[in-house]
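Close look at the chain arrangement
One-letter residues, chain by chain:
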Amino acid sequence: MSLMCAILQALELLLIRNYIPQRSFFIALGHDEEVSGVNGAQKISALLQARGIQLAFIVDEGSFLLDGFIPNLQKPFAMVAVSEKGAINLMLQVNMTPGHSSAPPKETSIGILAAAVSRLEQTPMPNMFGGGPLKMALQQLANEFPFPANIVLSNLWLFQPLVSRLMERNYITNALVRTTTALTMFNAGVKVNVIPPVAQATINFRIHPAQTVQEVLKLAKDIVADDRIQFHVLNAFDPLPVSPSDDQALGYQLLRQTIQSVFPEVNIVAPGTCIGNTDSRHYTNLTTGIYRFNPIYLQPQSFSSIHGINEKISVQAYETQVKFIFEFIQNADADPRPVPHLHEL
Ligand SMILES: *[C@@H]1O[C@H](CO)[C@@H](O)[C@H](O)[C@H]1NC(C)=O
């Protein structure tokens, strides 16, 4: 929301100065990003695709200047998310013949399903550290850590197992190394003295970029390992492709340049994964370079206020957002590099 206002305000400032861009750009503001973007971003993307538009890159929200998320890392760093986790909403269901509770079967649908979801909760999906942008980011951050972490992170060929274990200890870094499993709904039972005919549970998985919907479903079935339980996929999508972050990646390099100019105190710009979802997934046909970065500082203590109680942004942080967008548009214009070759849609 603040980013949307900042974009519009930056445009207004550019217009006041009679700014005429050399490199064309689109501003795409959907109204329903929080509820999947099917009437906003999806429609905008479909229209652009119908017009045969190809984009050099896209910048969206979804990552921040991270301050205090990684233990022992003194300074904040900028994480530009080059991928985004996938998701599955999976409903498990057990059906049973209803009966009177005075002569119950050995297990009821509630007992069967409760045991199954408990197994899912107790058996985390595998740690995928090393299979995404995170490893690259930690290598870039290595020198920002005090001894001995700097040595450990500079030598991931040796210390990868240790680092991947350490990442699991905190619930935010844990979400970066694996597909997460969250039991979110459980419904069963009709009456105090009736054997429940149906029990249903819903599980929300957020899929690591190195896995797919099919792989996670297979793992979940193996963990549940009970034929009496039906699997219903309510909706699902794979993780987004990993966008390039090398020297030739125009969007990434322009973001890096603007971050270094607007936040001179930040030494490191590193690629990462967005653990939530953004409108970006509707735009994958338009470009291979999708970068998620919101130019504000995020601390762990303010993380829980996102979509929570007392969500807020300081006036100064908002002004910096405006300044960032204002500079970014002009930096994109000043860059003489041609738009990278794109394949036909
Ligand atoms: C991308 O293009 C393919 C082929 O035209 C289409 O089936 C798909 O729905 C498009 N995806 C998105 C996210 O627009």
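To start, this report covers the structure provided alongside it.

Reading the values: rules and limits
- Residues numbered from 1 in each chain as written.
- Predicted model: local features only at pLDDT ≥ 70, side-chain atom pairs only at ≥ 80, totals over all residues.
- Heavy atoms only, no water.
- Helix = DSSP H or I, 4+ residues; strand = E, 2+ residues; numbered from the N terminus.
- Buried < 20%, exposed > 50% of the residue type's maximum accessible area, 1.4 Å probe, protein only.
- Contact = heavy atoms within 4.5 Å.
- Lys, Arg positive; Asp, Glu negative; His and termini not counted.
- Charge placed at Lys NZ, Arg CZ, Asp CG, Glu CD.
- Pairing = 2+ DSSP bridges.
- Near = heavy atom within 4 Å.
- Polar contact = N/O pair within 3.5 Å; in protein donor to acceptor, adjacent residues only side chain to side chain.
- Areas by Shrake-Rupley, 256 points an atom, 1.4 Å probe, with all protein chains shown as cover.
- Nonpolar A, V, L, I, M, F, W, Y, C, P; charged D, E, K, R; others polar.

**Looking at the overall build of the protein**
- Counting secondary structure elements, the protein contains 11 helices and 10 strands.
- Per-residue burial over the protein gives 44% buried out of 345 residues.
- Long-range contacts, defined as pairs at least 24 residues apart, comprise 81% of the intrachain contacts of the protein with a sequence gap of at least 6.
- Across the protein, 23 positive and 27 negative side-chain charges occur, with their mean positions spaced 6 Å apart.

**Description of the pairing of strand β3 (residues 77–84)**
- The element β3 is largely enclosed, with a buried count of 8 among its 8 residues.
- Bridge analysis of strand β2 (residues 65–66) against β3 gives 2 bridges, and the strand direction is antiparallel. When the bridges of β3 are listed, L66 appears paired with F77.
- Two elements, β3 and strand β8 (residues 269–274), share 6 bridges in a ladder whose sense is parallel. Considered in β8, the bridge of A81 is made with G272.

**Points about the site of the ligand**
- Taken together, Q49, R281, H282 and N285 make up all the residues around the ligand.
- Contacts to the ligand include Q49, whose side-chain N or O atom sits 3.1 Å from an oxygen atom.
- Within the complex, the protein chains bury 32% of what would otherwise be the 360 Å² of accessible surface of the ligand.
- The residue makeup of the shell around the ligand, split by class, is no nonpolar, 3 polar and 1 charged.

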